Amino acid sequence: NDGMFYYCTGTFVPVKHCGLAKIDMKTGVVIRAKHRYLPKELKEQDFNHYGGCTYFEGKIYVAVEDLHRQHPCLAVFDADTLCFTGQYRILGPEIQPNGNLPWCAADKENRLLYTGYFNDCDHINEFRIDDLEWIRSIPIDRVVQHTQGGEMYDGLIYISCHDSWKKKHIYA
């Protein structure tokens, strides 16, 4: 969020539906939404699933997965219009070997972006937010399964996940 609006993504793969929404934090009213919105550049490369998103300086950074879960990407959208800016970075197997990219989180103070895996997540990837260049992998102290989202708060990255359909966890 940017203090005034929540930004969120949604995907319903069977009908090839990806979307972005901007919601007023006080009223809960959807201010703007882009339904069935997957930019042509990404669609042509078999991208079909929006993961989580994060806001930074007027832009929404979205984790995007491809149909075969082989080469996810980070894509950038304008926070006002929800339109694709044309900026994206495909994460090859040297960065994201299992092809899943369920979330991304902005470290606004340090101008960094973080991502992780869905399954067998034993590290977090760090990128420069300005150009999406990969910096390093940071080991974490456990292997996390079924990661659903991640967000930065007060200098820590919080990762939400479940290790079965019954137990949910949040790690920092």
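In case you missed it, the structure is sitting above this.
Here the structure is a predicted model, which is why all the values come from computation and not from measurement. (Residues numbered from 1 in each chain as written. Predicted model: local features only at pLDDT ≥ 70, side-chain atom pairs only at ≥ 80, totals over all residues. Heavy atoms only, no water.)

A. Fine view of the overall build of the chain. Regarding its fold elements, the chain presents 1 helix and 14 strands. Computed over its C-alpha atoms, the radius of gyration of the chain comes to 15 Å, within 12% of the 16 Å expected for a compact globule of 172 residues. Dimensions of the chain, computed from C-alpha atoms along their principal axes, come out at roughly 40 × 35 × 35 Å. In the chain, the proportion of contacts linking residues at least 24 apart, taken out of those at least 6 apart, comes to 39%. Of the roughly 9200 Å² of accessible surface on the chain, 52% is carried by carbon and sulfur atoms. Taking the average place of the 19 positive charges on the side chains of the chain and the average place of its 23 negative ones, the gap between the two points comes to 7 Å. (Helix = DSSP H or I, 4+ residues; strand = E, 2+ residues; numbered from the N terminus. Rg over C-alpha atoms; globule rule 2.2 N^0.38 Å. Contact = heavy atoms within 4.5 Å. Areas by Shrake-Rupley, 256 points an atom, 1.4 Å probe, with all protein chains shown as cover. Lys, Arg positive; Asp, Glu negative; His and termini not counted. Charge placed at Lys NZ, Arg CZ, Asp CG, Glu CD.)

B. Examining the sheet that holds strand 9 (residues 112–115) more closely. Taken in spatial order, the 4 strands line up as 8-9-10-11 in an open sheet, and their pairing is antiparallel. If you trace the sheet from one side to the other, it starts and ends with strand 8 (104–107) and strand 11 (134–144), each paired once. When the angles between neighbouring strand axes are averaged without regard to direction, this sheet yields 25°. (Pairing = 2+ DSSP bridges. Axes fitted to C-alpha atoms, helices over the stretch in contact; angles between N-to-C directions.)

C. Geometry of the side chain of Asp107. By the secondary structure assignment, Asp107 is in strand 8. Although buried, Asp107 forms no salt bridge, and the nearest oppositely charged side chain, Arg136, lies 8.5 Å from it. In this view, Asp107 contacts Leu112, Tyr114 and Met152; residues no more than four positions away in its chain are not counted. (Buried < 20%, exposed > 50% of the residue type's maximum accessible area, 1.4 Å probe, protein only. Salt bridge = Lys/Arg side-chain N within 4 Å of Asp/Glu carboxyl O.)

D. Inspection of a nonpolar patch on the surface at higher detail. Together, Tyr153, Leu156 and Tyr158 make up an exposed nonpolar region whose accessible area comes to about 310 Å². Note that Leu156 resides in strand 13 (residues 156–162). Taking the relative accessible area as the measure of exposure, Leu156 reaches 40% and is therefore partly exposed. (Patch = residues over 30% accessible without salt bridge, like charges linked within 9 Å, V, L, I, M, F, W, Y side chains within 5 Å.)

E. Looking closely at the pattern of salt bridges. This model, assessed by the stated rule, comprises 10 salt bridges. In this structure, Arg142 engages Asp141 in a salt bridge whose closest nitrogen and oxygen atoms are separated by 3.2 Å. Here the residues in one salt-bridge network are Lys22, Arg32 and Asp80, joined through shared partners.

F. Region of interest: the sheet that holds strand 4 (residues 47–56). As summarised here, the arrangement of the 4 strands in space is 4-5-6-7, forming an open sheet in which the pairing is antiparallel. The sheet terminates laterally at strand 4 and strand 7 (84–90), the two strands that pair on one side only. Pairwise comparison of adjacent strand axes, ignoring direction, gives a mean angle of 25° for this sheet. With 4 bridges connecting them, strand 6 (residues 73–78) and strand 7 associate as antiparallel partners. From the neighbouring strand, Ala75 faces strand 7, where its bridge partner is Tyr88.

G. Quick peek at the environment of Phe84. On the secondary structure map, Phe84 appears in strand 7. On a C-alpha basis, the gap between Phe84 and Lys108 in space is 21 Å, while along the polypeptide they are 24 residues apart. Not counting residues within four places of it along the chain, the set of residues in contact with Phe84 comprises Tyr37, Pro39, Glu41, Leu42, Ala75, Val76 and Phe77.

H. Fine view of the environment of Glu41. Among the secondary structure elements, Glu41 is positioned in helix 1 (residues 40–43). Overall, Glu41 belongs to the partly exposed group, its relative accessible area being 37%. As a C-alpha pair, Glu41 and Gly86 span 45 residues in sequence and 8.1 Å in three-dimensional space. Once you skip the residues sitting within four places of it in the chain, Glu41 turns out to touch Phe84, Gly86 and Tyr88.

This is a description of form; function is not addressed.
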